[in-house]
There are 2 protein chains.
Amino acid sequence: MGRWEPGARERLERAALELFIEDGYERTTVAEIAARAGVTERTFFRYFTDKREVLFGGGHELEDFLVRLVAAAPASVAPIEAIAGALDMAAIEIFAERQAFARQRQTVISSNPDLQERELLKLASLTAALAAALRDRGASELGASLAAESGVAVLKTAFTQWVSEDNAKDLSEIIVKTFAELKAVVAVA
Amino acid sequence: MGRWEPGARERLERAALELFIEDGYERTTVAEIAARAGVTERTFFRYFTDKREVLFGGGHELEDFLVRLVAAAPASVAPIEAIAGALDMAAIEIFAERQAFARQRQTVISSNPDLQERELLKLASLTAALAAALRDRGASELGASLAAESGVAVLKTAFTQWVSEDNAKDLSEIIVKTFAELKAVVAVA
(Lines give C-alpha, C1' and ligand atoms only; values in the text may rest on other atoms or scores of the structure.)
Protein backbone atom coordinates (compact mmCIF):
# COMPACT_ATOMS: atom_id res chain seq x y z
CA MET A 1 0.00 0.00 0.00
CA GLY A 2 1.21 3.49 -0.85
CA ARG A 3 1.10 6.30 1.66
CA TRP A 4 -2.07 8.21 2.36
CA GLU A 5 -2.58 10.98 -0.18
CA PRO A 6 -4.68 13.87 1.01
CA GLY A 7 -7.54 14.66 -1.37
CA ALA A 8 -6.56 11.87 -3.77
CA ARG A 9 -10.12 10.60 -4.17
CA GLU A 10 -11.46 14.04 -5.07
CA ARG A 11 -8.55 14.69 -7.45
CA LEU A 12 -9.16 11.33 -9.13
CA GLU A 13 -12.88 12.02 -9.51
CA ARG A 14 -12.23 15.44 -10.96
CA ALA A 15 -9.56 14.12 -13.34
CA ALA A 16 -11.78 11.24 -14.47
CA LEU A 17 -14.77 13.47 -15.19
CA GLU A 18 -12.63 15.98 -17.09
CA LEU A 19 -11.15 13.23 -19.25
CA PHE A 20 -14.51 11.52 -19.83
CA ILE A 21 -15.87 14.84 -21.13
CA GLU A 22 -12.79 15.78 -23.15
CA ASP A 23 -11.98 12.42 -24.73
CA GLY A 24 -15.10 10.32 -24.19
CA TYR A 25 -15.74 7.73 -21.51
CA GLU A 26 -14.82 4.75 -23.67
CA ARG A 27 -11.42 6.07 -24.68
CA THR A 28 -10.27 7.23 -21.27
CA THR A 29 -7.94 4.84 -19.42
CA VAL A 30 -7.20 4.48 -15.72
CA ALA A 31 -3.55 5.33 -16.47
CA GLU A 32 -4.63 8.67 -17.93
CA ILE A 33 -6.91 9.42 -15.00
CA ALA A 34 -4.13 8.68 -12.50
CA ALA A 35 -1.62 10.78 -14.46
CA ARG A 36 -3.99 13.75 -14.66
CA ALA A 37 -4.65 13.49 -10.91
CA GLY A 38 -0.92 13.27 -10.21
CA VAL A 39 -1.09 9.90 -8.49
CA THR A 40 -0.09 6.34 -9.42
CA GLU A 41 -2.49 3.81 -10.94
CA ARG A 42 -2.08 1.88 -7.73
CA THR A 43 -3.55 4.82 -5.84
CA PHE A 44 -6.49 4.90 -8.27
CA PHE A 45 -7.23 1.26 -7.48
CA ARG A 46 -7.15 1.96 -3.77
CA TYR A 47 -10.27 4.10 -4.25
CA PHE A 48 -12.04 2.57 -7.27
CA THR A 49 -12.22 -0.91 -8.80
CA ASP A 50 -12.45 0.52 -12.33
CA LYS A 51 -13.28 3.73 -14.18
CA ARG A 52 -17.01 3.00 -14.11
CA GLU A 53 -16.95 3.06 -10.34
CA VAL A 54 -15.94 6.72 -10.41
CA LEU A 55 -19.44 7.34 -11.79
CA PHE A 56 -21.43 4.73 -9.88
CA GLY A 57 -19.56 4.10 -6.64
CA GLY A 58 -21.70 6.73 -4.91
CA GLY A 59 -24.86 4.74 -5.68
CA HIS A 60 -24.19 2.28 -2.87
CA GLU A 61 -23.51 5.08 -0.46
CA LEU A 62 -26.79 6.79 -1.40
CA GLU A 63 -28.79 3.57 -1.14
CA ASP A 64 -27.34 2.71 2.28
CA PHE A 65 -27.88 6.25 3.51
CA LEU A 66 -31.53 6.38 2.41
CA VAL A 67 -32.38 2.89 3.64
CA ARG A 68 -30.85 3.64 7.04
CA LEU A 69 -32.89 6.82 7.40
CA VAL A 70 -36.14 5.19 6.26
CA ALA A 71 -35.58 2.35 8.73
CA ALA A 72 -34.90 4.85 11.52
CA ALA A 73 -38.01 6.99 10.95
CA PRO A 74 -40.50 6.89 13.83
CA ALA A 75 -43.36 4.41 13.41
CA SER A 76 -45.89 7.25 13.25
CA VAL A 77 -44.32 8.60 10.04
CA ALA A 78 -46.14 7.61 6.83
CA PRO A 79 -44.14 5.73 4.14
CA ILE A 80 -43.99 8.68 1.76
CA GLU A 81 -42.95 11.01 4.58
CA ALA A 82 -40.16 8.64 5.57
CA ILE A 83 -38.93 8.64 1.96
CA ALA A 84 -39.28 12.40 1.58
CA GLY A 85 -37.38 13.00 4.81
CA ALA A 86 -34.58 10.67 3.74
CA LEU A 87 -34.28 12.32 0.31
CA ASP A 88 -34.13 15.73 1.94
CA MET A 89 -31.27 14.59 4.18
CA ALA A 90 -29.44 13.11 1.18
CA ALA A 91 -29.83 16.38 -0.70
CA ILE A 92 -28.21 18.22 2.19
CA GLU A 93 -25.64 15.69 3.39
CA ILE A 94 -24.58 14.06 0.14
CA PHE A 95 -25.42 16.24 -2.84
CA ALA A 96 -25.22 19.88 -1.71
CA GLU A 97 -21.43 20.03 -2.06
CA ARG A 98 -21.34 17.94 -5.20
CA GLN A 99 -23.24 19.86 -7.83
CA ALA A 100 -20.29 20.33 -10.17
CA PHE A 101 -19.54 16.61 -9.99
CA ALA A 102 -23.21 15.68 -10.46
CA ARG A 103 -23.48 17.89 -13.52
CA GLN A 104 -20.39 16.55 -15.22
CA ARG A 105 -21.41 13.02 -14.34
CA GLN A 106 -24.80 13.60 -15.98
CA THR A 107 -23.10 14.88 -19.15
CA VAL A 108 -20.99 11.72 -19.36
CA ILE A 109 -23.89 9.37 -18.67
CA SER A 110 -26.18 11.08 -21.19
CA SER A 111 -23.62 10.49 -23.92
CA ASN A 112 -23.34 6.73 -23.42
CA PRO A 113 -26.23 4.23 -23.71
CA ASP A 114 -24.44 1.60 -21.58
CA LEU A 115 -24.01 4.10 -18.76
CA GLN A 116 -27.65 5.13 -19.08
CA GLU A 117 -28.67 1.49 -18.66
CA ARG A 118 -26.42 1.19 -15.65
CA GLU A 119 -28.05 4.28 -14.14
CA LEU A 120 -31.53 2.81 -14.67
CA LEU A 121 -30.47 -0.41 -12.98
CA LYS A 122 -29.09 1.54 -10.02
CA LEU A 123 -32.39 3.39 -9.66
CA ALA A 124 -34.33 0.13 -9.88
CA SER A 125 -32.12 -1.32 -7.15
CA LEU A 126 -32.70 1.79 -5.03
CA THR A 127 -36.47 1.49 -5.52
CA ALA A 128 -36.45 -2.15 -4.44
CA ALA A 129 -34.28 -1.40 -1.40
CA LEU A 130 -36.53 1.46 -0.26
CA ALA A 131 -39.68 -0.65 -0.75
CA ALA A 132 -38.11 -3.43 1.34
CA ALA A 133 -37.18 -0.94 4.09
CA LEU A 134 -40.76 0.34 4.16
CA ARG A 135 -42.16 -3.19 4.33
CA ASP A 136 -39.84 -3.90 7.26
CA ARG A 137 -41.45 -0.94 9.01
CA GLY A 138 -44.87 -2.54 8.47
CA ALA A 139 -46.06 -0.84 5.28
CA SER A 140 -48.31 -2.93 3.01
CA GLU A 141 -46.78 -4.57 -0.05
CA LEU A 142 -48.59 -2.18 -2.37
CA GLY A 143 -48.13 0.94 -0.23
CA ALA A 144 -44.41 0.26 0.12
CA SER A 145 -43.94 -0.26 -3.63
CA LEU A 146 -45.86 2.87 -4.56
CA ALA A 147 -44.14 5.09 -1.98
CA ALA A 148 -40.72 3.83 -3.12
CA GLU A 149 -41.59 4.28 -6.82
CA SER A 150 -42.91 7.78 -6.13
CA GLY A 151 -39.87 8.76 -4.11
CA VAL A 152 -37.43 7.59 -6.76
CA ALA A 153 -39.49 9.30 -9.48
CA VAL A 154 -39.26 12.54 -7.49
CA LEU A 155 -35.52 12.10 -6.93
CA LYS A 156 -34.92 11.41 -10.63
CA THR A 157 -37.02 14.33 -11.81
CA ALA A 158 -35.66 16.77 -9.23
CA PHE A 159 -32.09 15.68 -9.92
CA THR A 160 -32.51 16.21 -13.66
CA GLN A 161 -33.73 19.72 -12.98
CA TRP A 162 -30.96 20.42 -10.47
CA VAL A 163 -28.11 19.40 -12.79
CA SER A 164 -29.58 21.01 -15.90
CA GLU A 165 -30.30 24.48 -14.58
CA ASP A 166 -27.71 27.15 -15.07
CA ASN A 167 -28.50 28.89 -11.87
CA ALA A 168 -29.72 25.91 -9.92
CA LYS A 169 -31.54 26.19 -6.66
CA ASP A 170 -30.98 24.01 -3.71
CA LEU A 171 -31.70 20.34 -4.52
CA SER A 172 -33.53 20.05 -1.23
CA GLU A 173 -35.88 22.85 -2.26
CA ILE A 174 -36.44 21.30 -5.70
CA ILE A 175 -37.31 17.97 -4.07
CA VAL A 176 -39.91 19.61 -1.84
CA LYS A 177 -41.47 21.37 -4.84
CA THR A 178 -41.42 18.19 -6.90
CA PHE A 179 -43.25 16.27 -4.16
CA ALA A 180 -45.86 19.05 -4.09
CA GLU A 181 -46.23 18.83 -7.87
CA LEU A 182 -46.53 15.02 -7.75
CA LYS A 183 -49.30 15.39 -5.19
CA ALA A 184 -51.12 17.87 -7.46
CA VAL A 185 -50.62 15.68 -10.56
CA VAL A 186 -51.88 12.52 -8.87
CA ALA A 187 -54.73 14.19 -6.97
CA VAL A 188 -56.92 14.34 -10.09
CA ALA A 189 -56.42 10.65 -10.99
CA MET B 1 -42.41 -17.39 -48.09
CA GLY B 2 -44.31 -20.36 -46.75
CA ARG B 3 -48.08 -20.47 -46.81
CA TRP B 4 -50.14 -18.71 -44.19
CA GLU B 5 -50.46 -20.83 -41.10
CA PRO B 6 -53.53 -20.15 -38.99
CA GLY B 7 -52.63 -19.50 -35.35
CA ALA B 8 -48.90 -19.94 -35.97
CA ARG B 9 -47.94 -16.86 -33.94
CA GLU B 10 -49.90 -18.01 -30.91
CA ARG B 11 -48.56 -21.56 -31.21
CA LEU B 12 -45.01 -20.22 -31.44
CA GLU B 13 -45.51 -18.01 -28.39
CA ARG B 14 -46.95 -20.87 -26.39
CA ALA B 15 -44.21 -23.28 -27.47
CA ALA B 16 -41.47 -20.73 -26.69
CA LEU B 17 -42.80 -19.98 -23.21
CA GLU B 18 -43.18 -23.67 -22.40
CA LEU B 19 -39.61 -24.38 -23.46
CA PHE B 20 -38.20 -21.33 -21.66
CA ILE B 21 -39.81 -22.59 -18.46
CA GLU B 22 -38.91 -26.27 -18.96
CA ASP B 23 -35.33 -25.91 -20.19
CA GLY B 24 -34.39 -22.33 -19.36
CA TYR B 25 -34.38 -19.32 -21.68
CA GLU B 26 -30.67 -19.51 -22.47
CA ARG B 27 -30.71 -23.12 -23.56
CA THR B 28 -33.81 -22.97 -25.75
CA THR B 29 -33.18 -22.65 -29.50
CA VAL B 30 -35.40 -21.29 -32.26
CA ALA B 31 -35.27 -24.73 -33.90
CA GLU B 32 -36.77 -26.29 -30.77
CA ILE B 33 -39.46 -23.64 -30.54
CA ALA B 34 -40.46 -24.16 -34.16
CA ALA B 35 -40.48 -27.94 -33.77
CA ARG B 36 -42.65 -27.76 -30.65
CA ALA B 37 -45.08 -25.43 -32.45
CA GLY B 38 -45.14 -27.76 -35.48
CA VAL B 39 -43.86 -25.14 -37.92
CA THR B 40 -40.57 -24.51 -39.73
CA GLU B 41 -37.85 -22.20 -38.44
CA ARG B 42 -38.63 -20.04 -41.45
CA THR B 43 -42.14 -19.57 -40.16
CA PHE B 44 -40.75 -18.57 -36.75
CA PHE B 45 -38.67 -15.84 -38.40
CA ARG B 46 -41.72 -14.54 -40.24
CA TYR B 47 -43.15 -13.55 -36.85
CA PHE B 48 -40.10 -12.87 -34.65
CA THR B 49 -36.54 -11.70 -35.31
CA ASP B 50 -35.18 -13.88 -32.47
CA LYS B 51 -36.30 -15.74 -29.36
CA ARG B 52 -36.06 -12.61 -27.21
CA GLU B 53 -38.68 -10.93 -29.36
CA VAL B 54 -41.23 -13.53 -28.29
CA LEU B 55 -40.96 -11.91 -24.84
CA PHE B 56 -40.49 -8.25 -25.79
CA GLY B 57 -42.11 -7.80 -29.20
CA GLY B 58 -45.34 -6.73 -27.51
CA GLY B 59 -43.57 -3.80 -25.84
CA HIS B 60 -43.65 -1.74 -29.03
CA GLU B 61 -47.29 -2.50 -29.55
CA LEU B 62 -48.11 -1.41 -25.99
CA GLU B 63 -46.06 1.78 -26.27
CA ASP B 64 -47.66 2.75 -29.60
CA PHE B 65 -51.13 1.97 -28.27
CA LEU B 66 -50.71 4.05 -25.09
CA VAL B 67 -49.05 6.99 -26.85
CA ARG B 68 -51.82 7.09 -29.46
CA LEU B 69 -54.52 7.15 -26.80
CA VAL B 70 -52.75 9.80 -24.71
CA ALA B 71 -52.34 11.97 -27.80
CA ALA B 72 -56.02 11.53 -28.68
CA ALA B 73 -57.39 12.46 -25.24
CA PRO B 74 -59.44 15.68 -25.23
CA ALA B 75 -57.52 18.81 -24.19
CA SER B 76 -59.64 19.17 -21.06
CA VAL B 77 -58.36 15.84 -19.69
CA ALA B 78 -55.56 16.18 -17.09
CA PRO B 79 -52.24 14.39 -17.81
CA ILE B 80 -52.77 11.70 -15.19
CA GLU B 81 -56.32 11.08 -16.42
CA ALA B 82 -55.08 10.69 -19.97
CA ILE B 83 -52.54 8.11 -18.76
CA ALA B 84 -55.05 6.30 -16.55
CA GLY B 85 -57.57 6.13 -19.40
CA ALA B 86 -54.95 4.75 -21.78
CA LEU B 87 -53.80 2.10 -19.26
CA ASP B 88 -57.39 1.05 -18.70
CA MET B 89 -57.90 0.57 -22.43
CA ALA B 90 -54.65 -1.42 -22.68
CA ALA B 91 -55.79 -3.65 -19.82
CA ILE B 92 -58.98 -4.41 -21.70
CA GLU B 93 -57.79 -4.47 -25.31
CA ILE B 94 -54.31 -5.93 -24.96
CA PHE B 95 -53.93 -7.80 -21.68
CA ALA B 96 -57.34 -9.23 -20.75
CA GLU B 97 -56.95 -12.24 -23.06
CA ARG B 98 -53.29 -12.72 -22.32
CA GLN B 99 -53.02 -13.53 -18.64
CA ALA B 100 -51.59 -17.01 -19.09
CA PHE B 101 -48.94 -15.62 -21.46
CA ALA B 102 -48.19 -12.69 -19.14
CA ARG B 103 -47.72 -15.02 -16.19
CA GLN B 104 -45.39 -17.41 -17.95
CA ARG B 105 -43.49 -14.48 -19.41
CA GLN B 106 -43.02 -13.05 -15.91
CA THR B 107 -41.68 -16.41 -14.68
CA VAL B 108 -39.10 -16.48 -17.46
CA ILE B 109 -38.05 -12.86 -16.99
CA SER B 110 -37.72 -13.22 -13.21
CA SER B 111 -35.26 -16.06 -13.68
CA ASN B 112 -32.85 -14.16 -15.92
CA PRO B 113 -31.03 -10.92 -14.95
CA ASP B 114 -30.44 -9.92 -18.60
CA LEU B 115 -34.14 -10.17 -19.33
CA GLN B 116 -34.92 -8.19 -16.19
CA GLU B 117 -32.62 -5.43 -17.41
CA ARG B 118 -34.30 -5.52 -20.79
CA GLU B 119 -37.69 -5.16 -19.10
CA LEU B 120 -36.49 -2.14 -17.11
CA LEU B 121 -35.21 -0.51 -20.29
CA LYS B 122 -38.55 -1.10 -22.00
CA LEU B 123 -40.37 0.53 -19.10
CA ALA B 124 -37.96 3.49 -19.18
CA SER B 125 -38.62 3.87 -22.89
CA LEU B 126 -42.37 3.72 -22.24
CA THR B 127 -42.06 6.40 -19.54
CA ALA B 128 -40.13 8.71 -21.87
CA ALA B 129 -42.62 8.17 -24.71
CA LEU B 130 -45.62 8.91 -22.49
CA ALA B 131 -43.96 12.03 -21.05
CA ALA B 132 -43.26 13.25 -24.61
CA ALA B 133 -46.88 12.62 -25.63
CA LEU B 134 -48.09 14.62 -22.63
CA ARG B 135 -45.72 17.50 -23.42
CA ASP B 136 -47.03 17.53 -26.98
CA ARG B 137 -50.51 18.05 -25.51
CA GLY B 138 -49.21 21.09 -23.62
CA ALA B 139 -48.35 19.61 -20.22
CA SER B 140 -45.43 21.23 -18.38
CA GLU B 141 -42.05 19.52 -18.45
CA LEU B 142 -42.33 18.56 -14.79
CA GLY B 143 -46.03 17.67 -14.86
CA ALA B 144 -45.53 15.44 -17.90
CA SER B 145 -42.57 13.62 -16.35
CA LEU B 146 -44.34 13.02 -13.05
CA ALA B 147 -47.60 11.85 -14.65
CA ALA B 148 -45.69 9.45 -16.91
CA GLU B 149 -43.56 8.15 -14.02
CA SER B 150 -46.65 7.68 -11.88
CA GLY B 151 -48.55 5.91 -14.65
CA VAL B 152 -45.73 3.47 -15.35
CA ALA B 153 -45.25 2.85 -11.61
CA VAL B 154 -48.96 1.99 -11.38
CA LEU B 155 -48.78 -0.26 -14.44
CA LYS B 156 -45.71 -2.08 -13.09
CA THR B 157 -47.19 -2.55 -9.62
CA ALA B 158 -50.63 -3.57 -10.87
CA PHE B 159 -49.13 -5.94 -13.41
CA THR B 160 -46.99 -7.64 -10.77
CA GLN B 161 -50.08 -8.19 -8.67
CA TRP B 162 -52.13 -9.40 -11.64
CA VAL B 163 -49.62 -12.04 -12.75
CA SER B 164 -48.77 -13.22 -9.25
CA GLU B 165 -52.25 -13.79 -7.85
CA ASP B 166 -53.67 -17.24 -8.08
CA ASN B 167 -57.17 -16.06 -8.54
CA ALA B 168 -56.43 -12.79 -10.24
CA LYS B 169 -58.97 -10.08 -10.72
CA ASP B 170 -59.37 -8.04 -13.78
CA LEU B 171 -56.18 -6.05 -14.55
CA SER B 172 -58.34 -3.02 -15.30
CA GLU B 173 -59.83 -3.19 -11.81
CA ILE B 174 -56.39 -3.62 -10.21
CA ILE B 175 -55.11 -0.55 -12.10
CA VAL B 176 -58.01 1.58 -10.83
CA LYS B 177 -57.36 0.43 -7.25
CA THR B 178 -53.62 1.02 -7.61
CA PHE B 179 -54.20 4.60 -8.81
CA ALA B 180 -56.46 5.16 -5.77
CA GLU B 181 -53.75 3.76 -3.50
CA LEU B 182 -51.09 5.94 -5.13
CA LYS B 183 -53.27 8.97 -4.51
CA ALA B 184 -53.66 8.00 -0.85
CA VAL B 185 -49.92 7.29 -0.47
CA VAL B 186 -48.83 10.57 -2.04
CA ALA B 187 -51.52 12.71 -0.38
CA VAL B 188 -49.65 12.76 2.94
CA ALA B 189 -46.33 13.84 1.40
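The next subject is the environment of Leu120(B). Along the chain, Leu120(B) falls in helix H7 (residues 113-136). Look at Leu120(B) and you get partly exposed, because its relative accessible area is 24%. Distance from Leu120(B) to Glu63(B), taken between C-alpha atoms, is 14 Å for residues 57 residues apart in sequence. Ignoring any residue separated from it by four or fewer positions in sequence, one finds Leu120(B) in contact with Leu121(A) and Ala124(A).

Residues and elements named next belong to chain B. With respect to the helices and strands, the residue Thr28 is situated in the loop between helix H1 (8-23) and helix H2 (30-37). Residue Thr28 is classed as buried on the basis of its relative accessible area of 2%. Those residues in contact with Thr28 that lie beyond four places of it in its chain are Leu19, Phe20, Asp23, Ile33 and Lys51.

Right, let's talk about the interface of chain A and chain B for a bit. Across the contact, 28 residues belong to chain A and 28 residues belong to chain B. Here Glu149(B) makes a salt bridge to Lys156(A), at a shortest N to O gap of 2.8 Å. Summed over the shared surface of chain A and chain B, the number is four residue pairs in polar contact (both at pLDDT 80 or more). Residue assignment for the side of chain A that touches chain B shows that the elements contributing at least two residues are helix H5 (79-95), helix H7 (113-136), helix H8 (141-164) and helix H9 (171-187) of chain A. Of all the elements, H8(A) adds the most residues to the side of chain A that touches chain B, at ten residues. In terms of residue class, the side of chain A that touches chain B is built from 16 nonpolar, six polar and six charged.

Let us look at the nonpolar core. The biggest cluster of nonpolar side chains holds 82 residues, and the ones touching the most others in it are Leu66(A) and Leu66(B). Those residues in contact with Leu66(A) that sit more than four places away from it in its chain are Ala86(A), Leu87(A), Ala90(A), Leu126(A) and Leu130(A).

Residues and elements named next belong to chain B. If you trace the backbone, Arg9 turns up in helix H1. On the basis of relative accessible area, Arg9 is assigned to the partly exposed category, the value being 34%. Through-space distance from the C-alpha of Arg9 to that of Arg36 is 13 Å; in sequence the pair is 27 residues apart. Excluding its chain neighbours within four sequence positions, the residues that come into contact with Arg9 are Tyr47 and Phe48.

Turning to the relation of the copies chain A and chain B, a few remarks are in order. You can overlay chain A on chain B at an RMSD of 0.0 Å; the transform is a turn of 180° with a shift of 0.0 Å along its axis. The symmetry that links the two subunits is that of a two-fold axis.

Time to look at H2(B). All names here are of chain B. Those residues of H2 that fall on the buried side of the exposure criterion are Val30, Ile33, Ala34 and Ala37. The buried residues of H2 occupy an angular sector of 95° when projected down its axis, which confines them to one face. On its buried face, H2 sits against H1, helix H3 (41-47) and helix H4 (51-72). Where H2 ends, the next residue or the one after it, Gly38, has phi of about 75°, a positive value.

Okay, the pattern of salt bridges next. All names here are of chain A. Counted by the stated rule, this structure contains 16 salt bridges over all chains. Between Arg36 and Glu18 there is a salt bridge, and its shortest N-O distance comes to 2.9 Å. In this pair, Arg36 sits in helix H2 (residues 30-37) while Glu18 sits in helix H1 (residues 8-23), placing the two residues 18 residues apart along the sequence. Look at Glu18 and you get partly exposed, because its relative accessible area is 29%. With its nearest N and O atoms 2.8 Å apart, the salt bridge here joins Arg105 to Glu119. Note that Arg105 is positioned in helix H6 (residues 99-110) and Glu119 in helix H7, a separation of 14 residues in sequence. Each member of the pair, Arg105 as well as Glu119, carries the same accessibility label: buried. The network of salt bridges with common partners includes Arg9, Glu13 and Arg98.

Before going further, it helps to spend a moment on the packing of aromatic side chains. All chains considered together, the criterion is met by twelve aromatic pairs over all chains. A ring pair is formed by Phe44(B) and Phe45(B), whose centres lie 5.3 Å apart and whose planes are at 85°; its orientation type is edge-to-face. Here Phe95(B) and Trp162(B) contribute two aromatic rings whose centre-to-centre distance is 6.3 Å and whose plane-to-plane angle is 70°, an arrangement assigned as edge-to-face. One end of the pair, Phe95(B), is in helix H5 (residues 79-95); the other, Trp162(B), is in helix H8 (residues 141-164), and 67 residues separate them in sequence. Since its relative accessible area comes to 12%, Phe95(B) is described here as buried. Through a chain of ring-to-ring contacts, three or more aromatic side chains come together here, namely Phe44(A), Phe45(A) and Phe48(A).

Residues and elements named next belong to chain A. Taken domain by domain, chain A consists of domain 1 (1-48) and domain 2 (54-187). Here domain 1 and domain 2 have C-alpha centroids that lie 27 Å from each other. Across the contact, nine residues belong to domain 1 and ten residues belong to domain 2. Summed over both sides, the interface of domain 1 with domain 2 buries roughly 900 Å², with 75% coming from carbon and sulfur. Looking only at domain 1, the three residues that lose the most surface to domain 2 are Glu13, Leu17 and Tyr25, adding up to 52% of its buried area.

Criteria and cut-off values
Residues numbered from 1 in each chain as written. Chains lettered and ligands numbered in written order. Predicted model: local features only at pLDDT ≥ 70, side-chain atom pairs only at ≥ 80, totals over all residues. Heavy atoms only, no water. Helix = DSSP H or I, 4+ residues; strand = E, 2+ residues; numbered from the N terminus. Buried < 20%, exposed > 50% of the residue type's maximum accessible area, 1.4 Å probe, protein only. Contact = heavy atoms within 4.5 Å. Salt bridge = Lys/Arg side-chain N within 4 Å of Asp/Glu carboxyl O. Polar contact = N/O pair within 3.5 Å; in protein donor to acceptor, adjacent residues only side chain to side chain. Nonpolar A, V, L, I, M, F, W, Y, C, P; charged D, E, K, R; others polar. Core = buried A, V, L, I, M, F, W, Y, C linked by side-chain atoms within 4.5 Å. Least-squares fit on C-alpha atoms with pLDDT ≥ 70 in both. Arc of directions from axis to C-beta. Phe/Tyr/Trp six-rings, centres within 6.5 Å; stacked < 30°, edge-to-face > 60°. Domains from an automatic or database assignment. Buried area = accessible area lost by both parts, 1.4 Å probe.

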